[in-house]
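# Working through the structure, step by step
Now for the letters of each chain:
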Amino acid sequence: IQHLERDLLHARPGAGRPSVLLANSSALARPLAAALMEPCGPDMQPEIVVRESPSEATVLALRSRAADVGIVSDAVDTQGLVTEELGPDPLVLVVPRAHALARRQSVWFQEVLDQPWVTWGEQTALSTHLLMRALALGVRLQARVSYPRLPGVLQLVGRGTGLTVLPQAVVDQDPVAGIACVRLEDPWAQRRLLACHLDNGNPMRVQLAKSLRRHWI
């Protein structure tokens, strides 16, 4: 309802629409403040709305002009969009350190779908992505626990509640004792993140995308 009220407000004659940045779960778990502050300097005072969105939905929103800039995985089709490469963002399997899988160098996603899972929230972009990947393999991902906060997810895995898949960079930012990361062999897990937008001469979109690239960690 709040999003609808905001959109209706900015749709009124004479009202400017805020710039909408859509980002996946991994991007939102990173420090984005510096990148967002740069376009909001003394000479520019835009309103920026940041929302979580799966990469597939983000590119559709950009093409339909429902959003201005997106942070997406390079696994999705970005044809027709201007892209700025941000950096690698591999997904890894996170397991309890005492688990047999912790001794493996790598695994395929399909190998671990019969294991108990801990997922990062019910409706996060990453959880939706993993659910769709599992369904494509004919399996429904069953979560023993779905927890909305990343530290809690890592703690649950460390205590043996289940396995999870997370971006390596996110795990490294918030290390927890008792866990191990295993490489996923699936090509879609060896991803890179991109900032993208339509090439329609909108200076705010260009500046925000370039700011994300400059300040990316």
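A brief report on the enclosed structure follows. (Residues numbered from 1 in each chain as written. Predicted model: local features only at pLDDT ≥ 70, side-chain atom pairs only at ≥ 80, totals over all residues. Heavy atoms only, no water.)

### What about the nonpolar core?
Counting residues in hydrophobic clusters, the biggest one holds 32 residues, and the most contacted among them are Leu93, Val94, Phe109, Trp117, Val165 and Leu166. Within the residue set of this core, elements represented by two or more residues are strand S5 (91-96), strand S7 (117-120), helix H5 (125-136), helix H6 (150-158), strand S9 (164-167), helix H7 (168-173) and strand S10 (179-184). Each residue touching leucine 166, except ones within four places of it in the same chain, is listed here: Pro90, Leu91, Val92, Val94, Trp120, Leu126, Leu150, Val153, Leu154 and Val171. Grouped together as the second largest cluster of nonpolar side chains are 15 residues, Leu21, Ala35, Leu86 and Leu212 included. (Core = buried A, V, L, I, M, F, W, Y, C linked by side-chain atoms within 4.5 Å. Buried < 20%, exposed > 50% of the residue type's maximum accessible area, 1.4 Å probe, protein only. Helix = DSSP H or I, 4+ residues; strand = E, 2+ residues; numbered from the N terminus. Contact = heavy atoms within 4.5 Å.)

### Remarks on the pattern of salt bridges
On inspection of all chains with the given rule, the structure shows 8 salt bridges. Of the charged contacts in the structure, one is a salt bridge between arginine 213 and glutamate 84, with a shortest N-O distance of 2.8 Å. Here arginine 213, found in helix H8 (residues 203-215), pairs with glutamate 84, found in strand S4 (residues 81-88); they are 129 residues apart in sequence, far enough to count as distant. Of the residues examined, arginine 213 reaches a relative accessible area of 40% and is grouped as partly exposed. In this structure, glutamate 185 engages arginine 183 in a salt bridge whose closest nitrogen and oxygen atoms are separated by 3.9 Å. (Salt bridge = Lys/Arg side-chain N within 4 Å of Asp/Glu carboxyl O.)

### Topic: the packing of aromatic side chains
On inspection of all chains with the given rule, the structure shows 2 aromatic pairs. Taken together, a centroid distance of 5.3 Å and an interplanar angle of 90° make the contact between phenylalanine 109 and tryptophan 188 edge-to-face. Residue phenylalanine 109 is located in the loop between strand S6 (106-107) and S7, and its partner tryptophan 188 is located in the loop between S10 and strand S11 (192-198); the two are separated by 79 residues in the primary sequence. An identical accessibility class is assigned to phenylalanine 109 and tryptophan 188; each is buried. Among the aromatic side chains, those forming a connected cluster through ring pairs are Phe109, Trp117 and Trp188. (Phe/Tyr/Trp six-rings, centres within 6.5 Å; stacked < 30°, edge-to-face > 60°.)

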